[in-house]
Amino acid sequence: MIKVLGIPYDANSSYLKGPALAPQRIRLMDTEGSANSFSENGTGIIAGKIYDDPGDILFEDDDPAKAFMTIRQNIANQLENDNKILCFGGDHSVSYPIIDAFADRYESLNILHLDAHADLYDNFDDNPYSHASPFARIMEKGKVKSLTQVGIRTLTTHQKQQAEKFGVNVVEMKDFSFDFIQKLESPLYISLDIDVLDPAFAPGVSHHEPGGLSTRQLLTIIQNISVNVVGADIVEYNPLRDINNMTAMVVYKLFKELIAKML
């Protein structure tokens, strides 16, 4: 059974706090939202039948190094039982410990990173655990086979250099097509930053970056992946910036589609 874990942590956010509130708000959409529990392929995404939700990871304090170890150990414990896992962040820094644990479990792990930002900064605000740096930390360890980044529209000179250094396949939004889907390989981990969407579709994010994917384009990407998806995270939803739970409902729909794809 797929495990769904909440990671209410946003101490590594560089701009606004709020993503720590996301797991609870997303879960509410299952009971208080305006949609049913079915994915578009007709699968009922039912807690206790399709997935198990053990709740949120608990943190003693906000220390980034301690949080890294807490998240990593929790994920590693779940992976020992061969569970597939979907996590609700939290800021994007939580993906580093999650993927680090997955990379130890799955040889030749491949990552699909959907985001407005490449998150490849070598050093951002003198915080190695910054939410602007998780994929720099992941790639410098050399534990994953490939990283494909899609929807990017904020590349700096430094991040372009980092992408070249680590051999990252970057599909910038200005050059977007669906062709990359056919090149994805198993096993695949999907890291979905909700700001990959244009703010018109997902206003409840800390970093509004115009010119992103539509919700339908993002659904098309998920639904057309044909390789084995072993894990995923949805991060950077900020309920404090949401409007009438608009973004919460988008995240809930994406959650259902990701679970359906992981089955």
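In the block above lies the structure referred to throughout.
Note that this is a predicted model, so its numbers are computed, not measured. (Residues numbered from 1 in each chain as written. Predicted model: local features only at pLDDT ≥ 70, side-chain atom pairs only at ≥ 80, totals over all residues. Heavy atoms only, no water.)

Asker: How do you make sense of the packing of helix 2 (residues 64-79) against helix 3 (residues 95-105) when you look at a structure like this?
Answerer: For the pair helix 2 and helix 3, the least separation of the axes is 8 Å and the interaxial angle reads 35°. Relative to helix 3, the crossing made by helix 2 is right-handed. Of the residues in helix 3, those in contact with F68, I71, R72, I75, A76 and L79 of helix 2 are Y96, P97, I98, D100, A101, F102, D104 and R105. Classifying every residue of the contact of helix 2 with helix 3 by side-chain character gives 10 nonpolar, no polar and 4 charged. (Axes fitted to C-alpha atoms, helices over the stretch in contact; angles between N-to-C directions. Helix = DSSP H or I, 4+ residues; strand = E, 2+ residues; numbered from the N terminus. Left-handed = near helix turned anticlockwise from the far one by under 90°. Contact = heavy atoms within 4.5 Å. Nonpolar A, V, L, I, M, F, W, Y, C, P; charged D, E, K, R; others polar.)

Asker: So what exactly am I meant to see when it comes to helix 7 (residues 246-262) here?
Answerer: The α-helix winds at 3.6 residues per turn, so residues separated by three or four positions along the chain end up facing the same way. The end-to-end C-alpha distance of helix 7 is 25 Å, a good match for the 24 Å that 17 residues give at a rise of 1.5 Å each. With 14 of its 17 residues buried, helix 7 lies for the most part within the structure. (Expected span 1.5 Å × (residues − 1). Buried < 20%, exposed > 50% of the residue type's maximum accessible area, 1.4 Å probe, protein only.)

Asker: Explain the sheet that holds strand 5 (residues 146-152) here, please?
Answerer: Two orientations exist for strands paired in a sheet by backbone hydrogen bonds: parallel and antiparallel. With respect to topology, 8 strands assemble into an open sheet ordered 2-1-3-8-7-4-5-6, the strand pairing being parallel. At either margin of the open sheet sits one strand with a lone partner, and together these are strand 2 (51-56) and strand 6 (169-172). Averaged over all adjacent pairs, the angle separating strand axes in this sheet is 15°, with direction ignored. Across 5 bridges, strand 4 (residues 110-114) lies against strand 7 (residues 188-193) in parallel orientation. Bridge assignment links I111 to a residue of strand 7, and that residue is Y189. (Pairing = 2+ DSSP bridges.)

Asker: What am I meant to see in the packing of helix 1 (residues 22-32) against helix 7 here?
Answerer: Packed helix pairs are characterised by how far apart their axes lie and by the angle those axes make with each other. It is the contact of helix 1 with helix 7, at a shortest axis distance of 9 Å, that shows an interaxial angle of 75°. In terms of orientation, helix 1 lies roughly perpendicular with respect to helix 7. Across the interface between the two elements, R25, I26, M29 and D30 of helix 1 pack against A248, M249, V251 and Y252 of helix 7. Of the residues belonging to the contact of helix 1 with helix 7, the class tally is 6 nonpolar, no polar and 2 charged. (Parallel < 35°, antiparallel > 145°, perpendicular 65-115°, else oblique.)

Asker: How should I be thinking about the pattern of salt bridges in this particular structure?
Answerer: Pairing between side chains of opposite charge can happen when their charged atoms approach one another. With the rule as written, the count across this model stands at 16 salt bridges. Across the pair R72 and D104 runs a salt bridge, and its minimum N-O distance is 2.2 Å. With a gap of 32 residues between them, R72 in helix 2 and D104 in helix 3 connect regions that are remote in the sequence. Taking the relative accessible area as the measure of exposure, R72 reaches 17% and is therefore buried. A salt bridge links D175 to K174; the shortest N-O distance between them is 2.9 Å. Residue class for K174 comes out exposed when judged on its relative accessible area of 64%. When salt bridges with common partners are traced through the structure, they connect R72, D100, D104, K141 and K143 into a single cluster. (Salt bridge = Lys/Arg side-chain N within 4 Å of Asp/Glu carboxyl O.)

Asker: Looking at this structure, how should I read the nonpolar core?
Answerer: Generally speaking, nonpolar side chains in soluble globular proteins are found buried as a group. In this structure, L112 and F255 are the most contacted members of the largest nonpolar core, which totals 49 residues. Looking at this core, the elements with two or more residues in it are strand 1 (2-7), helix 1, strand 3 (85-89), strand 4, strand 7, helix 6 (215-223), strand 8 (229-235) and helix 7. Broken down by element, this core gets its largest block of residues, 11 residues, from helix 7. Ignoring any residue separated from it by four or fewer positions in sequence, one finds L112 in contact with T148, V150, F180, L184, L188, Y189, I190, S191, I221 and I225. Membership of the second largest hydrophobic core comes to 36 residues, among which are I57, I99, A103 and F135. (Core = buried A, V, L, I, M, F, W, Y, C linked by side-chain atoms within 4.5 Å.)

Asker: Would you take a moment to explain the environment of A260 for this structure?
Answerer: Relative to the elements of secondary structure, A260 occurs in helix 7. Exposure remark for A260: the relative accessible area of 14% places this residue in the buried category. In this structure A260 touches S39, N41 and I45, once residues within four positions along its chain are discounted.

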